[in-house]
4 protein chains.
Amino acid sequence: MTTITAPISQTLRERFAQIRAQTEKICSPLEPEDTVVQPMVDVSPPKWHMAHTTWFFEQFVLGPYLKNYKVFHPSYAFLFNSYYNSVGNRVQRAERSTLTRPPLRDVYAYRRHVNERMEELLETIKEEQLEELLPVLELGLQHEQQHQELLLTDIKYILSTNPLLPAYNKTAPGVTLRTPVKADFLEVPGGVYRIGFQGEGFCFDNELGVHEVLLSDFSIMNRLVTNAEYLQFMQDGGYSDFRFWLDEGLAMVRAANLKAPLYWLEQDGEWYQFTLNGLEKLDPYKPVSHISFYEAHAYAAWSGKRLLTEFEWEAASQVYPPVAGNFQESGLYEPSRAAQTEGMQQLYGDAWEWTYSAYHPYPGFKTAAGALGEYNGKFMINQMVLRGGSCATPENHIRTTYRNFFHPDKRWQFTGIRLAQ
Amino acid sequence: MTTITAPISQTLRERFAQIRAQTEKICSPLEPEDTVVQPMVDVSPPKWHMAHTTWFFEQFVLGPYLKNYKVFHPSYAFLFNSYYNSVGNRVQRAERSTLTRPPLRDVYAYRRHVNERMEELLETIKEEQLEELLPVLELGLQHEQQHQELLLTDIKYILSTNPLLPAYNKTAPGVTLRTPVKADFLEVPGGVYRIGFQGEGFCFDNELGVHEVLLSDFSIMNRLVTNAEYLQFMQDGGYSDFRFWLDEGLAMVRAANLKAPLYWLEQDGEWYQFTLNGLEKLDPYKPVSHISFYEAHAYAAWSGKRLLTEFEWEAASQVYPPVAGNFQESGLYEPSRAAQTEGMQQLYGDAWEWTYSAYHPYPGFKTAAGALGEYNGKFMINQMVLRGGSCATPENHIRTTYRNFFHPDKRWQFTGIRLAQ
Amino acid sequence: MTTITAPISQTLRERFAQIRAQTEKICSPLEPEDTVVQPMVDVSPPKWHMAHTTWFFEQFVLGPYLKNYKVFHPSYAFLFNSYYNSVGNRVQRAERSTLTRPPLRDVYAYRRHVNERMEELLETIKEEQLEELLPVLELGLQHEQQHQELLLTDIKYILSTNPLLPAYNKTAPGVTLRTPVKADFLEVPGGVYRIGFQGEGFCFDNELGVHEVLLSDFSIMNRLVTNAEYLQFMQDGGYSDFRFWLDEGLAMVRAANLKAPLYWLEQDGEWYQFTLNGLEKLDPYKPVSHISFYEAHAYAAWSGKRLLTEFEWEAASQVYPPVAGNFQESGLYEPSRAAQTEGMQQLYGDAWEWTYSAYHPYPGFKTAAGALGEYNGKFMINQMVLRGGSCATPENHIRTTYRNFFHPDKRWQFTGIRLAQ
Amino acid sequence: MTTITAPISQTLRERFAQIRAQTEKICSPLEPEDTVVQPMVDVSPPKWHMAHTTWFFEQFVLGPYLKNYKVFHPSYAFLFNSYYNSVGNRVQRAERSTLTRPPLRDVYAYRRHVNERMEELLETIKEEQLEELLPVLELGLQHEQQHQELLLTDIKYILSTNPLLPAYNKTAPGVTLRTPVKADFLEVPGGVYRIGFQGEGFCFDNELGVHEVLLSDFSIMNRLVTNAEYLQFMQDGGYSDFRFWLDEGLAMVRAANLKAPLYWLEQDGEWYQFTLNGLEKLDPYKPVSHISFYEAHAYAAWSGKRLLTEFEWEAASQVYPPVAGNFQESGLYEPSRAAQTEGMQQLYGDAWEWTYSAYHPYPGFKTAAGALGEYNGKFMINQMVLRGGSCATPENHIRTTYRNFFHPDKRWQFTGIRLAQ
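Within any chain, residue numbers begin from 1 and follow the written order of that chain's sequence. Key to labels: chains lettered from A, ligands numbered from 1, both in the order written. Per-residue local features are limited, in this predicted model, to residues with pLDDT of at least 70; the limit for side-chain atom pairs, both in listing and counting, is 80 or more; totals at the level of whole chains, interfaces and linings are taken over all residues. Hydrogen atoms and water are omitted, and side-chain values are computed over all heavy atoms in the structure.

A word on the UniProt feature "domain: DinB-like" (unreviewed entry) in chain A. UniProt positions are given in the numbering used here, feature names are shortened, and annotations may be inferred rather than shown by experiment. The UniProt entry lists residues 16-149 of chain A under the feature "domain: DinB-like" (unreviewed entry), expressed in the numbering used here. Along residues 16-149 of chain A the backbone is 60% helical and 0% strand, and the end-to-end C-alpha distance reaches 17 Å. Note on conventions: DSSP H or I runs of at least 4 residues are helices, E runs of at least 2 residues are strands, and numbering of each starts at the N terminus.

Attention now goes to the side chain of Asn277 of chain A. Residue and element names in this part refer to chain A. Mapped onto the fold, Asn277 is located in the loop between strand 6 (270-275) and strand 7 (278-281). Relative accessibility decides the category of a residue: with a 1.4 Å probe and only protein chains considered, values under 20% of the type maximum give buried, values over 50% give exposed, and everything between is partly exposed. What makes Asn277 buried here is its relative accessible area of 18%. A polar atom in the side chain of Asn277 sits 2.9 Å from the side chain of Asn169. Whenever two N or O atoms come within 3.5 Å, that pair is a polar contact, provided that in protein one can donate a hydrogen and the other can accept it, and provided that, for residues adjacent in sequence, both atoms are side-chain atoms.

This part takes up the interface of chain C and chain D. If you look at the interface, chain C gives 31 residues, while chain D gives 31 residues. As used here, buried area is the combined drop in accessible area, with a 1.4 Å probe, of two parts when they are placed together. A buried area of about 2300 Å², summed over both sides, lies between chain C and chain D, and 58% of it is on carbon and sulfur atoms. Interface area lost by chain C to chain D is led by Glu33, Arg101 and Leu164 of chain C, which between them contribute 31%. Here, a salt bridge means any Lys or Arg side-chain nitrogen found within 4 Å of an Asp or Glu carboxyl oxygen. Across the contact surface, chain C and chain D share 4 salt bridges. The partner of Glu31 of chain D in a salt bridge is Arg105 of chain C, with the nearest N and O atoms 2.6 Å apart. Of all elements in the fold, only helix 3 (76-80), helix 4 (104-124) and helix 5 (127-160) of chain C reach the threshold of two or more residues within the side of chain C that touches chain D. Contacts: residue pairs with any heavy atoms within 4.5 Å of one another.

Our focus in this paragraph is helix 2 (residues 46-65) of chain A. Residues and elements named next belong to chain A. Compared with an ideal rise of 1.5 Å per residue, which puts 20 residues at 28 Å, helix 2 spans 28 Å between its outermost C-alpha atoms and is within 8% of the ideal. The sharpest bend along helix 2 comes to roughly 35°, located at Glu58. Here helix 2 lies mainly inside the structure; 17 of its 20 residues are buried. Expected helix span is computed as 1.5 Å times (number of residues minus one). Throughout, the bend at a residue refers to the angle made by two axes, fitted to the seven residues ending there and to the seven starting there.

Time to look at the interface of chain A and chain B. Between chain A and chain B, the residue contacts involve 31 residues of the former and 31 residues of the latter. Of all residues in chain A, Glu33, Arg101 and Leu164 of chain A give up the largest surface area on contact with chain B, accounting jointly for 31% of the area buried on that side. Summed over the shared surface of chain A and chain B, the result is 4 salt bridges. With a shortest N-O distance of 2.7 Å, Arg101 of chain A and Asp34 of chain B are connected by a salt bridge. Our count for the chain A to chain B interface comes out at 12 residue pairs in polar contact (both at pLDDT 80 or more). Secondary-structure elements contributing two or more residues to the side of chain A that touches chain B are helix 3 (76-80), helix 4 (104-124) and helix 5 (127-161) of chain A. The element contributing the most residues to the side of chain A that touches chain B is helix 5 of chain A, with 3 residues.

The copies were overlaid by least squares, fitting only the C-alpha atoms of residues that reach a pLDDT of 70 or more in each copy. Mapping chain C onto chain D calls for a screw motion: a turn of 180° about the axis and a shift of 0.0 Å along it, with 0.0 Å RMSD after fitting. Such a turn and shift between the copies fits a two-fold axis. Across chain C, the rotation axis passes nearest the C-alpha of Glu33 of chain C, at a separation of 2.4 Å. A share of 100% of the interface residues of chain C reappears at the interface of chain D, consistent with the copies meeting face to face through the same patch.

The subject of this paragraph is the packing of helix 2 of chain A against helix 5 of chain A. Residue and element names in this part refer to chain A. All axes are obtained by fitting lines to C-alpha atoms, using only the stretch in contact for helices, and the reported angles, taken between N-to-C directions, cover 0 to 180 degrees. Across the interface, helix 2 lies against helix 5 with an axial gap of 9 Å and an inter-helix angle of 175°. With respect to their mutual orientation, helix 2 and helix 5 come out roughly antiparallel. Among the residues making up the contact of helix 2 with helix 5, the classes are represented as 16 nonpolar, 7 polar and 3 charged. Roughly parallel covers angles under 35 degrees, roughly antiparallel covers those over 145, roughly perpendicular covers 65 to 115, and oblique covers all other angles. Classes in brief: Ala, Val, Leu, Ile, Met, Phe, Trp, Tyr, Cys and Pro nonpolar; Asp, Glu, Lys and Arg charged; the others, Gly included, polar.

Residue and element names in this part refer to chain B. A pair of strands is treated as paired once DSSP finds two or more bridges between them. On the basis of which strands lie adjacent, the open sheet formed by 3 strands has the order 5-6-7 and antiparallel pairing. Two strands lie at the open edges of the sheet, namely strand 5 (264-267) and strand 7 (278-281), each paired on one side alone. On average, each strand axis in the sheet is tilted by 35° relative to the strand beside it, whichever way the strands run. Relative to strand 7, strand 6 (residues 270-275) is paired through 4 bridges, and the arrangement is antiparallel. Among the inter-strand pairings, Thr275 is bridged to a residue of strand 7, identified as Gly278. Across the sheet, helix 6 (residues 227-235) is in contact with strand 5 and strand 6; its angle to strand 5 comes to roughly 70°.

Describing an aromatic ring pair means giving the distance of the ring centres and the angle of the ring planes. In this scheme Phe, Tyr and Trp rings, the latter by its six-membered ring, pair at centre separations within 6.5 Å, and the angle between planes marks the pair as stacked below 30 degrees, edge-to-face above 60, and tilted otherwise. All chains considered together, the criterion is met by 139 aromatic pairs over all chains. Lysine NZ or arginine CZ positioned within 6 Å of the ring centre and within 35 degrees of the ring normal marks a charge as sitting over the ring. The ring of Tyr362 of chain A is capped by Arg403 of chain A, whose NZ or CZ atom sits 3.9 Å from the centre of that ring. Above the ring of Trp48 of chain D, the side-chain terminus of Arg96 of chain D is found at 3.6 Å from the ring centroid.

Our next topic: the UniProt feature "domain: Sulfatase-modifying factor enzyme-like" (unreviewed entry) in chain A. All names here are of chain A. Listed under "domain: Sulfatase-modifying factor enzyme-like" (unreviewed entry) in the UniProt record, and renumbered for this structure, are residues 184-317 and 342-420. For residues 184-317, the helix share is 27%, the strand share is 25%, and the end-to-end C-alpha distance is 16 Å. The span residues 342-420 shows a helical share of 0% and a strand share of 23%, and its end C-alpha atoms are spaced 18 Å apart.

Further remarks concern unusual backbone geometry. Cis geometry is found at the peptide bond from Arg101 of chain C to Pro102 of chain C, where omega equals -5°. Its place among the elements puts Pro102 of chain C in the loop between helix 3 and helix 4. Its identity as a non-glycine residue notwithstanding, Asn382 of chain A has a phi of 65°, on the positive side. Structurally, Asn382 of chain A can be placed in the loop between strand 9 (352-358) and strand 10 (384-387). Its relative accessible area of 15% is what places Asn382 of chain A among the buried residues. Even without glycine at this site, His290 of chain B takes up a positive phi of about 60°. Mapping His290 of chain B onto the fold places it in the loop between strand 7 and helix 8 (293-302).

Superposition record for chain A on chain B: RMSD 0.0 Å, screw rotation 180°, translation along axis 0.0 Å. In this assembly the copies share their binding face: 100% of the residues contributing to the interface of chain A also contribute to that of chain B.

What follows concerns the packing of helix 2 (residues 46-65) of chain B against helix 4 (residues 104-124) of chain B. If you want to describe how two helices pack, look at the angle between their axes and the distance between the axes. All names here are of chain B. The interhelical angle for the contact between helix 2 and helix 4, taken along N-to-C directions, is 30°, at an axis separation of 10 Å. Viewed along their axes, helix 2 and helix 4 adopt a mutual orientation that is roughly parallel. The handedness of the crossing between helix 2 and helix 4 comes out as left-handed. In this structure, helix 2 contributes Lys47, Met50, Ala51, Thr53, Thr54, Trp55, Phe57, Glu58, Val61, Leu62 and Tyr65 to the contact, and helix 4 contributes Leu104, Val107, Tyr108, Tyr110, Arg111, Val114, Arg117, Met118 and Leu121. Crossing chirality is assigned from the near helix's rotation relative to the far helix, an anticlockwise turn below a right angle marking it left-handed and a clockwise turn marking it right-handed.

As C-alpha cells, then:
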C-alpha cells in the first residue's frame, strides 16, 4: 500500500465488476449451509451479506436511475434491508437466520441480475445524471467493501462455533517468517493538527467536519502489541487483577469467564489460535488480535502505558507516512509479523487499533437527508473508534481519516493494540 | 389403518430399508440451507435428525455387533448424540445450528455407509446374536419413526419463520371435502380397565407396568374439536377471559400476546393457516391443531366440558375399536375432516389429543440399564401425555397404549382437543 | 396431634381471635425493615402477608355481610389482593416489595380495625346469615393459617439472604435429643381405597371429588429420610451422577451449581444449617428438609427405592393411624428427630413429603363460582402434591386428605422425603 | 450561589458536623421500611447510603488515623463497601436490599459512633498528620454530598414505585411563580480554552489533567429547555419518529414503550409529574427533567439544534459568570423556573445538563494508588458527561469544572437539556 487516498485510478465499470466479483470469491469456499446461520446477533449469514449488498444497488441506484427497472423479487427489499427505517419494514437483525429461502443459488442469480442491469445503466447513463449518481454508486461500492471485511470475520466466527473447527482457506499462501521487531516509542510533536478528510475522492460522512485539534507531545509504539507480549500480561494474572480493568470490562470477563483473546485455545500447555486457515499454533511475534477494547485498555494499564486517542492516531499518521500493509488482498486473512525492523510499522492493515475515543460526531457533522443519512450518524453512541484497517480490509478501502467503530466488548473483528505514552 | 399393533408383517431387512428411505423422502424437498437452522430450541435442524437417527444404529448396533466396524467419522458421535449422558459429551441441544459442517451431502454419505454396513450385518448375523440384537434394532427403527414425525413438525416450523412462507409440499394430494360431522358424546362404562401394553411385538418402556385402573362412567366426544368450534371460543373472548385458564397458561398467552393457535394468520378479516402445503384458507371442519395444553384446557372449560385422562382415553379405545386414520402415509401432512359421520372418529391420526394426565411412570416402571435407559424415564416430569398419533405419525408406529408427551406450553406439534364429560 | 379432622371444638369467635393473634405473634420478632423486602418472587414480604390475610376478611366477609361497612383505606384492595382476577386489578406478585407504604404500624392498625369490625359482625349477625357466612369465614381462617406457614418460610428465606445470618427466634425451646430410629418398611395391603375428604368440618375444594383408587401392595418407610442418610447420597457423588436425576432436575442443579439442600453450609469440613434459630450444626438424625422434588427423586433413585404417590400416602395414613407430630405450635420451627422408635413416625408434621403425583383435579372436581373459585383450581398444572404438613403448619390446619402443592424445583418450604418400595 | 469554588470558609469540624447532619435531615421523613428496598439496581436503599458514607470515614480515616480505633461492628466493612475491590469482598450492588439488618436504628447508632470518634480525632490530631489526613477527609465529605444527591433521587424513585404515590416532603416551601423566559442563544467566541480544575481547594481526580482545547465559535441557549417545549416535541410525534433518534435510543424507547419523561403521568388529558412533593400538575415553564441522553439528543435533533460538548459547556461558563441557582439547600427538590428574564440562566442547579461528550480521562489523567484510585477512573467508559448540578446537588459541592457522568439511558437523576447551535 503506497497511497492512502480515495480510489480514482480504475474506471468505474472495472471497479464495479472487480468489487462485486471479490465478494463472490470470498464466499466461494463456503457450503450452502454455512451461508445461512447466525450464531450470534452481531454476525450475519454470508448469504444475507451477498444479497444485502446487492439490494443496496437495486434500492438506491437501479430503482431511481434505470428506466423501467423491475425488481428481481418483490420481497427482497423486505428480506435484505439492513437498518434503513426510511426504506420500510425489514427482517429484524436477530432473525436473519430465518432466511433459509431464497436458497444460495437464487442469491447468486439475484447478484447476476443486478450486475447486468448495473452494466446496462453504466453504459447508457447520460453524463449529467452520472454526476448525480456517482456519490451513491461509490457509496454502494464502499459499502460492499465493508461487507467483504464483515464476511471474513463472520465466516471466521461461524466456522469457529463448529466443533470440527473447519478451515475456510485450505490453500493459505506460504509466509516467510520475519525477524521479530523490538518495541520502541516514536515521538509525535504537540501542536494543532487538522483532523478529518480533506482529499478529493470518497470519504464517509463521519470523516467530515474537518477541524483543528490541539495536542500535546506524545510518543507512539512502533508496531502492534504481539501475542508474546499479551501472553505475558495473561501469565502475570492480568485477567484477574481488577486494578487494570474498567469496571464494566471486569464484569464482562468475570461473567463470561474470559481468560484469553477470542479464538485462543490451550491444549496440553500449548496455545493455539483458530484462524481462517484452521487451528494453528500461536506465533508469538504476530500481533495479538480479537480482543475487546476492555482487554486492550487493561493491557495498556498493566504495561504502564495507555491507548491513543483517535486524534493522536491521525496526527501520528500525518507525521509517519504509511508503508505497505497486510490487507485482504494478501489472502493471509490473519495479522502477520511486522514487515521491517525499522520505522513505524503496521499503522495500516493487520489489525484495527482500538483508540480511547468515543465514536461521536465531528464538529459540524451533518446527517444527510433521506435513507442514506442513516448510514453512520445514528450509531454515534456507546462505541469506540478504531483506526488503520486490518488484514480483512480491502487495501483501497482504507484511509488515514477512516473511522471504524465497535462497542467496547466486541471481539470478533481483527482488533489489536497500539500503545502511547 | 386397520390394525393397531406392533409391526410384524414385513421382514426385518425390508422394514429397515423402508423406514430409512422414508426419512430421506421426507427431506427430499428441502434446500441444504433449510436443513441446518434451529429457529427455536425445541426444533432440530433436519440435517441433524438425519444424522442422529443414523448415529443411533452406529452407536448401539454396528459398534457392538458388527465385527471390525469402523465408524464413518470419529467426531460424529460427539456431533450427533442427542441426550445420552452415558455415551459421553455432545453438542448441546441449543447449539445444533452450529453444525453447518458436515454438509448435507456428507450426511447422506453417512446414511449410505451405515445402511450398507447394516445390510451386511443383517445378512451375516447369527441367529442367537440376532435375538440379542433385535430389541435394539427395533428400538432404532421406532426411534427413526419418531424423528420422521419431528422432521415434519420441525420443517413446518422452520419454513413458517421465513417471511416468504414457502410451501414444503408443492404437490399435495387432492382431497374430497367430506360432510361435516356433528359433535356427539359416546358412553364409556365405568369399571376396572387394564392399562399398558400387553401384546407381543414392540412397545416403549413407558407403556410397561401393566396395571389396573378403576374408572367411573364417562362419555367421550365422537371426533376432534374443529376449527369452527375453536373459532367460536376465540370470538367469545376466550383468550382474554381469565376464568377459563390455568394461571400459568394465562401468563403465557398474556406474555406472548397469543390470540389464536400457532400458524393461524388473519388477513382482511379472513383466517388462514400456514401448512406444509403453504398458506391455506382455514377449513372450518378440520380439527383444530397446533394448540398448547393450556389452550386445550381453556377451550374445554369454556365449553363446560373437560379433557380426558390418559386412562379414560385408553379405556375408550378398548371400547371403541379403531378405524382408519389420517397418518403420515396419506401425504396430507394436515389434519383432515372426519372420515365418516357415524361412530367414533379420529381416535387415531389427524392430531395428538392432549390428556389431563401428567407423564409419570406407571406402577413398577423400571429404567433399563445402560444408555437406552435414558430413553424415556428421565423426562417424566412437567409434561402431559398425548394419545392417538397425528397426521405426521407413521401408521405402523402407533398403538392404543402409546404415550406421547410434551410440556403444556408447546404448540409446534400437531396437537388437538377431544372432550369428555 | 391426636385427631386429624376439621376443627370444631373452639367457638368461632375464640378461633378467630386466636388465629389472628397467632399471625401477629409470628411477626413480633421482626424489624419493620424485615417486613417489606422480597428477595425472590416466591417469597412475599411479611407485611404483605399480614395485610393480605386481613384484606380477605374485608373483601369477602365484612364488605358483603356487615351493614354500612366502610373499608379501612380505599387503596388497600388494590395493594393487598393476591391473585383474584375477579376482584380487580392488583399489585403484581413480583412487585410486592414496592409497598414500603403503608408502614408496618398502619398494617397493624388495619388488622385491629378489621378485627373489631369482625367482632361486631359476629356479635350481631343473625343465625340464617351466619350459615351463609360460615364457609367463607372458615375459608378466611384456613387461609390465614396457610399464610402463617408461608410467613415462617418466607421469614427464614429473607433472613438467610442477609450476610449476618440473624436468628429469628432467639429463645428456641430446649429439645431433649431422642434416640435415632432405624429405617424400616411397613406394609400397606393393595386394594380399593377411598380418596378425598369425607368428614364433616372444613376441607379445601381440591380434596373433594371423593373417589376410589385401586392400589397394589406396597411398603412405606417408617420415618422421614434423615440428614445423615442424605449426606451419604451427597458423599456418594449423588449430585453429579446423571443416572439418578430427572433431566430437568439435572439441568437445575448444574445451572445453579447445587451441591446440598437449601440452607446447608459447609465450613471447615463441617456441615451447618441455617435455621430460624440461627446457624446450627447439622443434626444427623433430624429429617432432611428444604429439598426440591428433583432432589427427593434423585435420592430415591440412588437408594434403589421410589417416592410414594399421593394415593399411596393417603392409603398408608388410613392404615397407620396418626400420632402426635411436630407442628408450628411446638415453637421449634425445625423438623425434629422421630418421637418414638416403634411404628409409623412423622407422617404428620416435621416436613412435607414430596409425592410422585401431579397436582391435578380429582374426578368430578368443580371450580366454585365467583372469586373464591380461583382459590385452587387454576394452579393445577406443573406442580407436585405434598402431604402431611410440616413443623411450620398449624396443627389444627392439617388433615389426612390435605393436598399441598409446589413446583418441583422449589426448596424454600420445609420439604422432605419418605420412600416406598 | 455566588461563587463556584471549593469550600474553604467553614472550619473543618463545622463542615463535618453540618454535612453529616444534612444526610440525616434528608432521611428524617422516611419510614424504616422505605430505607431498605431497592426497586432497581441503580437505586440503593437509603439505609445503605447512610451506612456506606459512614463506613467511608471508618475505613479511610478512623482506621488509619485514630489510635486504637475499634470498628463499630466487624461485618459492616463487608456490608457497606460500595465498589472498592482493594478493600475486600462486599455485598454485591444488586443485593443491597438483603440488608434488612442491621435495622435503621443501628445505622443511626453507627453514625453517632463514627461522628464521635471523628470529633475525637479532629480534636486530638497533630498538625503534620492533619495535613496527610485532610485530602482523605475532604474526599469523605464530598463523597457524602454526592450520596445526599443520590439519596434524594433514590428516595424519589422508591416512592414513585409505590401505588399510593406518597409525598416525601409534605411541607414544600411556597414558590412565587416567575415570568417565563424566552429562549435565546448567547454567543461564545472560538479559541483556546483551558479545561479542568486550576483553583486551590478540592476537586475530583477526573477534573485534573488541565489542558487546552481549541473551540470554534458557537452559541448556547440562555436557559434550560422547558416542559412546554418538550411537550411540543412529544405532540409532534417525537418519540416515534426514527429520524431524531440514535439507534440504541430508539431501541430503548420501543422496548420500554416510552412516551414521556420518567415520572410524567397523563390523566384525563392533563399531564402530571410525580415529585418529592407528591403528584403535581405539570408546570409548562419549569425545565424538563428525568430524561435520558437519548431523549435529550432526540429533542435537539427535532429542534434543529444540538447538545453541547463538555468543553463548550465549560468555556461558556467561563464567558458567562454564574448566578445563583436552585440547589438542594432551597428545599424545593424540583427544578424551578428561571430566576431572571435576562442573561444566562440555570447554568448551575435545577437540572444536570447532558453533554455530547463521553466520560473519558483528560490527557495525563492518573489513577491514584490504593483503594481511592477506584473512585472515578474505572467508570470511564460508556457514560456521558453532565454538567452544572441540579436541584438535588448541595450548592457548595458543585464547580464549573465538575464532571458528573451517567449511562445514556438513565433517567432517574434530575437531568435536563440545554441546546447549542
